[in-house]
Amino acid sequence: MEEPKNKEFGDLTTNAAMVLSSQIKKKPMELAEEINKEILSKWKFVESVAIIAPGFINFNLKDKFIFESLSKVFSEDGSYGENKSGTGKKIQIEYVSSNPTGNLHIGHGRWGVMGDVLSNIYEKNGYDVQREYYVNDYGTQAKIFAECVKSLYLKKFGIKISYPQDGYPEATVGTVVEKLYKDYGDKFILNRDELITDDAAIEKNAIDMMLSFIKDTLSSIGVEFDNWFLESSLYENNNFETAIKFLRENGLVYEQENALWFKSTSYGDDKDRVIIRGDGNPTYFASDIMYLMNKKERGFDYLIYILGADHHGYISRLKAIGKSIGMNDDAVSIIIGQLVRLVEGKEVLKMSRRKGKGMTLDDLVKYVGKDAVRYFFSMNSFDTHMDFDLSLAKKKSNQNPVFYVQYAHARIGSIIKKLKEIELDNIGEKEISEIENSSADFCTNSIGNMKKYEFKNNSERNLAWVLSLFPDIVYDACKNNAPYFITQYLYRLSGEFHYFYNHNIIISKNRANIIRLVLAIAAKKVLKNGLDILGISAPEKM
RNA sequence: GCGCCUGUAGCUUAAUUGGAUAGAGCAUUGGACUACGAAUCCACAGGUUGGGGGUUCGAAUCCCUCCAGGCGCGCCA
């Protein structure tokens, strides 16, 4: 059962008769008649049914039913839209996980927002959600970063050593060095004459510093994690040895040309992967295995990885690890988000993180603000290769959809404000305070009093109808891992409200139309709940 | 070469996973404020869903093929 594309076909439609006809071996039209007689005609809230060739069943719901469904908006208030489908299930969502060797770029902003919103959605569906950031603080890249930092750090004291050839951009490293210099002075130089430095401390502090920059950036767009998981922690104690022993005992590895290989092809990967190199060092993939084993031990029912398209080669190997250690296939899902392309008008801007060029996430946030960043990054499916048009973002206000939604919310805020300014015959101070304090009494009583209510026009009815859909949207967004369902819904709701507002007078002279006022207040609540999921502010005035 | 993702109006995109006349926004054009906020609303226009085949009652969606773009295919991380 679903909403028809075309509103003329009714409130709801189903193609069940056509889908089932081949299985039951009856003609779709006959089956549709039977479904109508046996089921629909017995439902109290159905107003009318129409059966249309080749077998669609369309029906309308009673106004009273739609209107009364709004009472849930008030009784549930901030939790309207939630459901309990995921109660008792633990899920972990890992996203961003950018190496702590440079600033976040715009793509990371997309994963950050998408991951955060998706986490919110799972929470609204009753799941116990953990948001995790995996920090690659172990291995070659961290070492190279540390060497870069060391080089610039020593330069501060007039000591010259060479800068690593494939090093990170000096501009990025420089910001870390400035902070280290300021906070620690010459603490990392143990003996200047013999040039003895505390390299371990430099590495650790440099990574920590970079990580704190990353945290600040993410915080600025409201992306917070429950857990920052250090790759290096995988190698503490005897974890590594224990893991390798486990793999050997279970026949998941073999030796060849002095290296240790993981039999990932046996589990669907397209090639086997090296875990321990010829020189005895573990590869990045060894960490992946231990990390997934660690996640499994922590007892999650579901794991979601959100990865950029440049990591899509990971799908089969991560799935392979999961299978090899006995996890269900559907317990590990990997969402691949397509990359963000920066566009300035018609010009495509080339991004190069390694060269330190291009716009960082920080720059973007400063440019367009948190709400716009979150809105833009949550309005598309993971699959769209989105273009972020800077010249559009620069314009900042006029054609920005986030304002459209926020404006709807603010407009209703000003209606409520208006109630106080005018003296009304049918609404007193008691009612106003109930409305203002978000007490449901006024609205639920009003709904209760309207036993036989029929909508005066389609704009009233459509608004109520869309409001009643919100819980389904929250559910579907979860089932489809689709944050943009929420964004799209809010845009639709806002449009419905603006239309409603322009075609109906809520307050005239000294009377308020109670039904319409209730509708507007309900819309405000649902807008607020939806914007909360997106992490976008819901202003009272703009 | 192999693999993953994508191609829809001038631009950015949607289509409830195979349903009905492919919906929106921006831009363009015309209209609506001495009534609750005009950051809004209304109207008009814009399409051979990259091309071509196929599957069936029915295809933007599934299959094949070609074209175009993004990304990936290390004892790098």
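Up top is the structure.
Parameters at a glance
Residues numbered from 1 in each chain as written. Chains lettered and ligands numbered in written order. Predicted model: local features only at pLDDT ≥ 70, side-chain atom pairs only at ≥ 80, totals over all residues. Heavy atoms only, no water. Axes fitted to C-alpha atoms, helices over the stretch in contact; angles between N-to-C directions. Helix = DSSP H or I, 4+ residues; strand = E, 2+ residues; numbered from the N terminus. Parallel < 35°, antiparallel > 145°, perpendicular 65-115°, else oblique. Contact = heavy atoms within 4.5 Å. Nonpolar A, V, L, I, M, F, W, Y, C, P; charged D, E, K, R; others polar. Pairing = 2+ DSSP bridges. Near = heavy atom within 4 Å. Polar contact = N/O pair within 3.5 Å; in protein donor to acceptor, adjacent residues only side chain to side chain. Expected span 1.5 Å × (residues − 1). Buried < 20%, exposed > 50% of the residue type's maximum accessible area, 1.4 Å probe, protein only.

Student: Kindly report on the packing of helix α5 (residues 106-124) against helix α20 (residues 514-534), identifying the contributing residues and their values.
Tutor: Relative to each other, α5 and α20 sit at 125°, their axes nearing to 7 Å. Regarding the angle of α5 to α20, the classification is oblique. The segment α5 lies against α20, with Val117, Asn120, Ile121 and Lys124 engaging Asp532, Ile533 and Leu534. Residue composition of the contact of α5 with α20, by class: four nonpolar, one polar and two charged.

Student: Give a detailed account of the sheet that holds strand β12 (residues 302-308), specifying residues and quantitative values.
Tutor: Taken in spatial order, the five strands make up an open sheet running β8-β5-β4-β12-β13, and their pairing is parallel. For this open sheet the edge positions go to β8 (227-230) and β13 (332-337), each flanked by a neighbour on one side alone. Each neighbouring strand pair of the sheet contributes to a mean axis angle of 25°, computed without reference to strand direction. The pairing of strand β4 (residues 90-94) with β12 spans four bridges and is parallel. Paired with glutamate 94 across the two strands is tyrosine 305, which belongs to β12. Those strands touched by α5 are β4, β5 (128-135), β12 and β13, and its axis lies near 160° from that of β5. Contacting β12 and β13, helix α11 (residues 314-324) crosses the sheet at an angle of about 170° to β13.

Student: Could you give me a rundown of the protein's contact with RNA strand B, with the residues and numbers involved?
Tutor: Taken together, the neighbourhood of RNA strand B is formed by 65 residues, with Arg277, Gly278, His312, Tyr404 and Tyr407 sitting nearest. Across the atoms of RNA strand B situated within 4 Å of the protein, the share located in sugar and phosphate is 61%. Take glutamine 488: an N or O atom from its side chain is 3.3 Å from a sugar or linking oxygen of RNA strand B. Mapped by element, the contributors of at least two residues to the surface near RNA strand B are β3 (56-61), α6 (140-155), β10 (259-262), α11, α15 (401-421) and α19 (484-503). Of the residues that constitute the surface near RNA strand B, the class distribution is 27 nonpolar, 24 polar and 14 charged.

Student: Give a detailed account of unusual backbone geometry, specifying residues and quantitative values.
Tutor: Of note in the backbone geometry, asparagine 258 takes a positive phi value of approximately 75° without being a glycine. Mapped onto the secondary structure, asparagine 258 falls in the loop between β9 (253-256) and β10. Unlike most non-glycine residues, asparagine 481 shows phi in positive territory, near 45°. Relative to the helices and strands, asparagine 481 resides in the loop between α18 (458-479) and α19.

Student: Could you give an account of α20, naming the residues involved and the relevant values?
Tutor: Between its first and last C-alpha atoms α20 spans 30 Å; for 21 residues at 1.5 Å apiece the expected length is 30 Å, and the two agree. Burial analysis of α20 places 19 of its 21 residues in the buried class, the great majority of the element. Of the residues trailing α20, glycine 535 is marked for its positive phi of about 75°.

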